[in-house]
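# Observations on the three-dimensional arrangement
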Amino acid sequence: MSEQSLPADALPEYAERVLDVAELIPPGRVMTYGDVAEWLEEGGPRQVGRVMALYGGAVPWWRVIRADGKLLPGHELEALGHYRAEETPLKEASRASEGHLPRVDMKRARWDGGGRTEGHT
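Below or above, wherever it landed, is the structure these notes cover. Residue numbers run consecutively from 1 along every chain, following the written order of its sequence. Only residues with pLDDT of 70 or above have their local features reported here, since the model is predicted, and side-chain atom pairs are shown and tallied only from 80 upward, although totals for entire chains, interfaces and linings are computed over all residues. Only heavy atoms go into the side-chain values, all of them from the structure, while hydrogens and water stay out.

### Let's talk about empty space enclosed by the protein
- The method works on a 1 Å grid over the protein atoms by themselves. A cavity is a set of points holding a 1.4 Å probe that cannot get out, a pocket is an open set with protein on both sides within 12 Å along at least five of seven lines, and residues with an atom within 4 Å of a point line them. Grid points are joined across faces, edges and corners, and a volume is the space filled by probe spheres set on the points. With the rule as written, the count across this model stands at one cavity of 30 Å³ or more.
- In this model, the largest cavity occupies a volume close to 60 Å³.
- Along the walls of the largest cavity sit Tyr33, Trp61, Trp62, Val64, Ile65, Arg66, Lys70, Leu71, Leu72, Ala79 and Tyr83, which together make up its complete lining.
- Classifying every residue of the lining of the largest cavity by side-chain character gives nine nonpolar, no polar and two charged. Basically, the charged four are Asp, Glu, Lys and Arg, the nonpolar ten are Ala, Val, Leu, Ile, Met, Phe, Trp, Tyr, Cys and Pro, and anything else, Gly included, counts as polar.

Dropping the structure here:
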């Protein structure tokens, strides 16, 4: 069954799994697209990014990010508001950086799943 023939309220199984992981990430923490794929033991960063782009609006999408900590292009200010509200560790941008936007401090903000294994498939 192709994605085009699915009922409007149905998600592909892989997409459901990706979104479930996004909902597990605690406030103030992040996982990379690759981390999510590794957690699921399926797909890769591009597949996770595609799911988040198509279906991620109903979950805390700002907690699934690029490995370099850059804010999601086109959604920088909205994501930054969430990060500040959740006290996500950030690295302030230098004046020389484009847009002067901070990045997520990956060393401090990255979440490893908290050792949680039940439900891990």
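### Focus: the pattern of salt bridges
- Salt bridges, as used here, are contacts in which a Lys or Arg side-chain nitrogen is within 4 Å of a carboxyl oxygen on Asp or Glu. Taken as a whole and assessed by the stated rule, the structure comprises six salt bridges.
- The closest approach of N and O atoms between Glu42 and Arg17, which form a salt bridge, is 2.4 Å. In this pair, Glu42 sits in the loop between helix H2 (33-40) and helix H3 (45-55) while Arg17 sits in helix H1 (residues 13-24), placing the two residues 25 residues apart along the sequence.
- Residue burial is assigned from relative accessible area. The probe radius is 1.4 Å, only protein chains are included, and a residue is buried under 20% of its type maximum, exposed over 50%, and partly exposed in between. The class of Arg17 is buried, set by a relative accessible area of 13%.
- Across the pair Arg63 and Glu86 runs a salt bridge whose closest N-O atoms are separated by 2.6 Å. Pair noted here: Arg63 is in the loop between H3 and strand S2 (64-65) and Glu86 is in helix H4 (residues 76-86), with a separation of 23 residues, a long-range link.
- Relative accessible area serves as the criterion here: at 9%, Arg63 is assigned to the buried category.
- Taking relative accessible area as the criterion, Glu86 reaches 18% and is therefore assigned buried.
- Each of Glu13, Arg17 and Glu42 takes part in one network of salt bridges that share partners. For the purposes of this entry, the term helix denotes a DSSP run of H or I that reaches at least four residues, the term strand denotes a run of E that reaches at least two, and both are numbered from the N terminus.

### Focus on the packing of H1 against H2
- Two elements in contact, H1 and H2, have axes whose closest approach is 10 Å; the angle formed by their N-to-C orientations is 115°. The angle between the axes of H1 and H2 places the two elements in the roughly perpendicular class. Both H1 and H2 take part in a crossing whose hand is right-handed. The segment H1 lies against H2, with Tyr14, Arg17, Val18, Val21 and Leu24 engaging Val36, Ala37, Trp39 and Leu40.
- The class makeup of the residues in the contact of H1 with H2 is eight nonpolar, no polar and one charged. For helices, the axis comes from a line fit to the C-alpha atoms of the stretch in contact; other axes are also lines fit to C-alpha atoms, and the angle between any two N-to-C directions lies between 0 and 180 degrees. To sort the angles, those under 35 degrees are grouped as roughly parallel, those over 145 as roughly antiparallel, those from 65 to 115 as roughly perpendicular, and the leftovers as oblique. What makes a crossing left-handed is the near helix being turned counterclockwise from the far one by less than a right angle; a clockwise turn instead makes it right-handed. We call two residues contacting when some pair of their heavy atoms lies within 4.5 Å.

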